[in-house]
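Per-entry structural report
So you can see what is in the structure, the chains are spelled out below.
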Amino acid sequence: MEERQDLGGIGDFLRSRRARVRPEEVGLPGHGRRRVPGLRREEVAQLAGVSVDYYIRLEQGRGPSVSDAVLDAVGRVLRLDETEQAYLRSVARPDETRRRTAGRPAGQRVRPGLRLLLDTIEKAPAFVLGRRMDVLAWNALGDALLGFSRMTPKARNMPRQVFLEPAARELYPDWAAVAAETVAYLRLDAGTHSRDPQLARLIGELSLASEDFRRLWADHQVKEKTHGAKRMLHPVVGELALPYETLTVSGEPDQALVVYTPEPGSPTEERLRLLASWAATGVS
């Protein structure tokens, strides 16, 4: 019998979300002695309109037939955002999630057309992220910025780079924010692919090697990677302010195209031009 790897962790997720909601925020008295922070299980059940036993079974992962209406009600009580609500649905109904993703190929191949598209993006660093935040392909400027071609295939993984490479703390002046964002995005993958042995090994490796990763993983934050900004301190061209956009690849739901989009006329745009020239000379 196959052992279930509960990478999604519905119980820990719901408990962490109960803990962050103060009783007075949902119209309950906040005074008196409380053994747990935030809401009690019976309070969530009452506010969501379900029995306490039903909610306890849900929190224990014994509610595979739970309805959208119940999950929506629990989400409203716990003040989940859209991404957290989608994550809750994935981890509450793991069998349904596995059926939905069963037809996806096990390997991670970037189709030729997408590689050609990467090569046409000349003024902005760009790369393709796959499952587990593996970096699958990149353009020349993306390579000059982050050095993917000099890494081993195993090292071409954003969580490994952020948590296991000491240089990451110098590359990212806002390392703590980058680390939190990385873990929150990785947890989304765990919600969709809770039985992925490679993902389980990656989480185990990072947990053993990094106290920061263990702490952030235990926090159960989930976040979609759609857009944002990063500051980088590149060893060749110095400080870069890099907004980014993340686009889901049509026909490849486990792949995303990430493009850094410097402000036109900004010092960052000029420094990226210098970086491209530096990389073109073949200087190492």
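These numbers were taken from a predicted model, which means no experiment stands behind them. Numbers given for residues are sequential positions, taken from 1 along each chain in its written order. Where local features are concerned, this predicted model is filtered to residues with pLDDT of at least 70; where side-chain atom pairs are given and counted, the filter is 80 or more; whole-chain, interface and lining totals use all residues. Neither water nor hydrogens contribute to the side-chain values; these are computed over all heavy atoms in the structure.

This paragraph deals with the pattern of salt bridges. Here, a salt bridge means any side-chain nitrogen of Lys or Arg that lies within 4 Å of a carboxyl oxygen of Asp or Glu. Applying the stated criterion to the full structure yields 26 salt bridges. Between Arg 17 and Glu 84 there is a salt bridge, with the nearest N and O atoms lying 3.2 Å from each other. With Arg 17 in helix α1 (residues 10–19) and Glu 84 in helix α5 (residues 82–92), the pair connects residues that are 67 residues apart, well separated along the chain. Relative accessible area decides the class of each residue, using a 1.4 Å probe on protein chains only: under 20% of the type maximum gives buried, over 50% gives exposed, and in between gives partly exposed. We classify Arg 17 as buried; its relative accessible area is 1%. Close ionic contact of Arg 231 with Glu 239 constitutes a salt bridge, the shortest N to O distance being 3.1 Å. Through salt bridges with shared partners, one network takes in Arg 131, Arg 132, Asp 134, Asp 189 and Asp 196. To qualify as a helix, a DSSP run of H or I must reach at least 4 residues; to qualify as a strand, a run of E must reach at least 2; elements of each kind are numbered from the N terminus.

The length a helix should cover is 1.5 Å for every residue beyond the first. With 13 residues, helix α12 (residues 197–209) extends 18 Å between its outermost C-alpha atoms, agreeing within 8% with the 18 Å of an ideal straight helix rising 1.5 Å per residue. Within the sequence span of α12, burial applies to Leu 199, Leu 202, Ile 203, Leu 206 and Ser 207. Down the axis of α12, the smallest arc covering the buried residues is 130°, so these residues share one side. Relative to its buried face, α12 has exposed residues pointing more than 90 degrees away, namely Arg 201, Leu 208 and Ala 209. Residue contacts are counted whenever heavy atoms from the two residues lie within 4.5 Å of one another. Turning to α12, the residues buried within the fold contact α9 (158–164), α11 (175–192) and α13 (211–218). The arc refers to the directions leading from the helix axis to the C-beta atoms.

Our focus in this paragraph is the environment of Gln 161. For Gln 161, the position within the fold is in helix α9. Using a relative accessible area of 17% as the deciding quantity, one classes Gln 161 as buried. Separated by 15 residues in the primary sequence, Gln 161 and Leu 146 place their C-alpha atoms 9.9 Å from one another. Apart from the residues within four sequence positions on either side, Gln 161 is in contact with Met 151, Ala 155 and Ala 168. We call two N or O atoms a polar contact when they sit within 3.5 Å, provided that within protein one can donate a hydrogen and the other can accept it, with sequence-adjacent residues counted only if both atoms are side-chain atoms. Polar contacts involving the side chain of Gln 161 include one to the main-chain carbonyl oxygen of Ala 155, which spans 3.0 Å.

Let's shift gears to the packing of aromatic side chains. Under the pairing criterion, centres of Phe, Tyr and Trp rings, with the six-membered ring standing for Trp, must be within 6.5 Å; the plane angle then separates stacked pairs below 30 degrees from edge-to-face pairs above 60, leaving the rest tilted. Evaluated as defined, the whole model comprises eight aromatic pairs. When the ring of Trp 138 is compared with that of Phe 148, the centres are 5.5 Å apart and the planes differ by 40°; the resulting orientation is tilted. Here Trp 138 is found in strand β2 (residues 135–138), whereas its partner Phe 148 is found in the loop between α8 (140–146) and α9, with ten residues between them in sequence. With a relative accessible area of 23%, Trp 138 lands in the partly exposed category. Taken together, a centroid distance of 5.7 Å and an interplanar angle of 15° make the contact between Phe 213 and Trp 217 stacked. Pair noted here: Phe 213 and Trp 217 are both in helix α13, with a separation of four residues, about one helical turn. Assigned by exposure class, Phe 213 and Trp 217 land together as buried. These aromatic residues form a ring-pair network of at least three members: Phe 127, Trp 138, Phe 148, Tyr 244 and Tyr 260. The criterion for a charge sitting over a ring is simple: Lys NZ or Arg CZ within 6 Å of the ring centre, and within 35 degrees of the ring normal. Directly above the aromatic system of Trp 217 lies the positively charged group of Arg 187, at a separation of 3.8 Å from the ring centroid. Of note, Lys 225 hangs over the ring of Tyr 244, and the distance from its end group to the ring centre comes to 4.5 Å.

A separate point is the sheet that holds strand β1 (residues 126–129). Adjacent strands of a sheet form backbone hydrogen bonds with each other and so pair up, either parallel or antiparallel. By this definition, two strands are paired if DSSP reports at least two bridges between them. The five strands lie next to each other as β2-β1-β5-β4-β3, forming an open sheet whose pairing is antiparallel. Taken across any chain shown, the strands that pair with only one partner, and hence form the sheet edges, are β2 and β3 (227–234). The average angle at which neighbouring strand axes cross in this sheet is 30°, direction not considered. Here an angle of 0 to 180 degrees is reported between the N-to-C directions of two axes, which are lines fitted to C-alpha atoms, with helices fitted over the stretch in contact.

Per-residue confidence from the predictor is reported as pLDDT, which spans 0 to 100. Taken over all residues, the pLDDT of the protein chain has a mean of 87, while the share at 70 or more is 89%. Element-level pLDDT for the protein chain is lowest in helix α6 (residues 94–101), with a mean of 62, against a maximum mean of 97 in α9. Contacts for the low-pLDDT stretch residues 1–5, under 50 throughout, to residues beyond four places or in other chains number ten contacts.

In this structure, Arg 79 takes a positive phi of about 60° despite not being glycine. Even without glycine at this site, His 220 takes up a positive phi of about 60°. Mapping His 220 onto the fold places it in the loop between α13 and β3. For His 220, a relative accessible area of 6% corresponds to the buried category.

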